[in-house]
Amino acid sequence: MTRFSSPTRRPSPTGLMTALTLLFLAALPILFRDQQSAEATVPSYEALLTIGADGTVNVRETFTVDYAEESSTGLLRRVRQRDGDRVYRVTSVEVASPTFAPVNLTVRDFMHERQLRIGADRPVSGRHTYVLSYDLVGVLREGGAHDELLWDVLGPGWPHPIADATVRLRAPVVFAAGCLAGRARAHTPCAGGPGTPGTAEFRQSALLPREGMVVRAAFTPGALSVPVPTRAPAHFGFTPWGWLVLLAAAPLGMVVHGRSPVWLRGAMLAGGAVLVVWDVLDDVIDGGVWRAAVDDKLLSGLMLLTLGYLATRRAR
């Protein structure tokens, strides 16, 4: 009696990638648990932006947080470090609490942000006040008619409602200033405006979670030293040539048939993997995760991986 054995089914790459993606999505709540105290409110927030003659902006934030939950674990303050291809730096971070709340500070870079975790892993409850200060380097922009500061003071957005917010600007020279509050493309003018020469004050009440206050200060060209901007490559720098290389993988895969030597198949797979990893990691190693960018090297690596995969499948 002849027995037929069913061929061994190899795991599908598509199925494996789908399983890994679902596993990652399932783990997200665990990875980012306790990132914020969701039930907290901010009764008052004040920020003083002092623009120095060298173009550095010192930010001093004084805010009160009312923790509605028992045993909350502090808060997360996120500050942007990139706008388009323009990169800023957030330095000299310090935090204190006049009400003796735990302020153990952890700082990390994540994508376009510097994340300042205040009171990490320390339970806190009730109402507490914090004083946070840091320097912004590279935010002043040089223009034709004027140099300017354009900054979302609350950005990229607090997860808590803010009852009353005040933003003050101070500089060693006279400037024009304005402010818009709300979410992106849905801004309304803030109350207040320029005060004595070299100062301005803006106020906004009943800010909802994720709403911001974007302030703009315009200076006479040359009145302040504007640093040379630091720029990072676009996150996706693909060109038509790169896409053409990737599309060539299919017809080339037909040429690389099953009789191709093993070393060639291995070389294509290894070379493709190296190109993909190199393209993803080169900018990360140079400036952090938030500077990651990919271009035609990634498409070339994917082309080699596709060729190696097709050749290996045909050889089986």
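Shown above is the structure to which this text applies.
As a starting point, this report considers the structure included with it. (Residues numbered from 1 in each chain as written. Predicted model: local features only at pLDDT ≥ 70, side-chain atom pairs only at ≥ 80, totals over all residues. Heavy atoms only, no water.)

Side note on the state of the cysteines
Thinking step 1. The full count for this structure, using the stated rule, is one disulfide.
Thinking step 2. The residue that forms a disulfide with C179 is C190, at a sulfur-sulfur distance of 2.2 Å. Measuring the twist about the S-S bond at about -50°, one finds the C179-C190 disulfide to be left-handed. You can see C179 sitting in strand 12 (residues 176-183) and its partner C190 sitting in the loop between strand 13 (186-189) and strand 14 (191-194), a full 11 residues away along the chain. (Disulfide = S-S within 2.5 Å. Helix = DSSP H or I, 4+ residues; strand = E, 2+ residues; numbered from the N terminus.)

Comments concerning a nonpolar patch on the surface
Thinking step 1. Nonpolar side chains collect at one region of the surface, where V277, V280 and L281 lie side by side and expose about 220 Å² of accessible area between them.
Thinking step 2. Turning to its location among the elements, V280 is positioned in helix 4 (residues 262-287).
Thinking step 3. Relative accessible area serves as the criterion here: at 35%, V280 is assigned to the partly exposed category. (Patch = residues over 30% accessible without salt bridge, like charges linked within 9 Å, V, L, I, M, F, W, Y side chains within 5 Å. Areas by Shrake-Rupley, 256 points an atom, 1.4 Å probe, with all protein chains shown as cover. Salt bridge = Lys/Arg side-chain N within 4 Å of Asp/Glu carboxyl O. Buried < 20%, exposed > 50% of the residue type's maximum accessible area, 1.4 Å probe, protein only.)

With respect to the sheet that holds strand 4 (residues 82-83)
Through backbone hydrogen bonds, the strands of a sheet pair up, either in parallel or in antiparallel fashion.
Thinking step 1. Read from one edge of the open sheet, three strands run 4-5-17, paired in antiparallel fashion. Strands with a single pairing partner mark the edges of an open sheet, and in this sheet they are strand 4 and strand 17 (230-231).
Thinking step 2. Judged from the two bridges that link them, strand 5 (residues 86-87) and strand 17 form a sheet pairing that is antiparallel. Bridged to R86 within strand 17 is R231. (Pairing = 2+ DSSP bridges.)

Some points on the environment of R170
Thinking step 1. When you line up the elements, R170 lands in strand 11 (residues 162-170).
Thinking step 2. For R170, a relative accessible area of 41% corresponds to the partly exposed category.
Thinking step 3. Other than its neighbours up to four places away in sequence, R170 contacts L48, L49, T50, I51 and G198.
Thinking step 4. A polar atom in the side chain of R170 sits 3.3 Å from the side chain of T50. (Contact = heavy atoms within 4.5 Å. Polar contact = N/O pair within 3.5 Å; in protein donor to acceptor, adjacent residues only side chain to side chain.)

Side note on the pattern of salt bridges
Thinking step 1. Summed over the entire model, instances satisfying the criterion amount to nine salt bridges.
Thinking step 2. We note a salt bridge from E46 to R168, for which the minimum N-O separation is 3.5 Å. Here E46 is found in strand 1 (residues 41-51), whereas its partner R168 is found in strand 11, with 122 residues between them in sequence.
Thinking step 3. Judged by its relative accessible area of 38%, E46 is partly exposed.
Thinking step 4. Where E148 meets R216, a salt bridge forms, and the shortest distance between an N and an O atom there is 2.9 Å. With E148 in strand 10 (residues 147-152) and R216 in strand 16 (residues 212-219), this pair connects stretches of sequence that are 68 residues apart.
Thinking step 5. Residue class for E148 comes out buried when judged on its relative accessible area of 16%.
Thinking step 6. Judged by relative accessible area, R216 falls into the partly exposed class, the value being 35%.
Thinking step 7. Beyond isolated ion pairs, a larger network of salt bridges with shared partners links E46, R168, E201 and R203.

A look at the environment of V277
Thinking step 1. Along the polypeptide, V277 turns up in helix 4.
Thinking step 2. We classify V277 as partly exposed; its relative accessible area is 46%.
Thinking step 3. Taking the C-alpha atoms as reference points, V277 and L298, 21 residues apart in sequence, are found 8.1 Å from one another.

Brief notes about unusual backbone geometry
Thinking step 1. Across the junction of G155 and P156, the peptide omega takes the value 0°, indicating a cis bond.
Thinking step 2. Within the fold, P156 resides in the loop between strand 10 and strand 11.
Thinking step 3. The backbone phi angle of S92 is positive, close to 55°, even though this residue is not glycine.
Thinking step 4. Residue placement: S92 occurs in strand 6 (residues 89-96).

Concerning the sheet that holds strand 7 (residues 105-110)
Thinking step 1. Strand order in the open sheet made by the three strands is 3-8-7, with antiparallel pairing throughout. The open sheet has two edge strands with one neighbour each: strand 3 (75-80) and strand 7. Within the sheet, the average angular offset between the axes of one strand and its neighbour, ignoring direction, is 20°.
Thinking step 2. Examined bridge by bridge, strand 3 and strand 8 (residues 113-118) share six bridges and lie antiparallel to one another. If you follow V79 over to strand 8, its bridge partner there is R114. (Axes fitted to C-alpha atoms, helices over the stretch in contact; angles between N-to-C directions.)

Looking at the packing of aromatic side chains
Thinking step 1. Within the structure shown, the criterion is met by six aromatic pairs.
Thinking step 2. Pairing F63 with W158 gives two aromatic rings, centres 5.1 Å apart and planes at 80°, and the pair type is edge-to-face. Of this pair, F63 sits in strand 2 (residues 57-72) while W158 sits in the loop between strand 10 and strand 11; the two residues are 95 residues apart in sequence, bridging distant segments of the chain. W158 carries the same exposure label as F63, and that label is buried.
Thinking step 3. Their ring planes at 50° and their centres at 5.4 Å tell us that F175 and F219 sit as a pair that is tilted. (Phe/Tyr/Trp six-rings, centres within 6.5 Å; stacked < 30°, edge-to-face > 60°.)

Considering the side chain of R78
Thinking step 1. Here R78 is to be found in strand 3.
Thinking step 2. For R78, the residues in contact, after removing those within four places along its chain, are E113, R114, Q115, G155, P156, G157 and R210.

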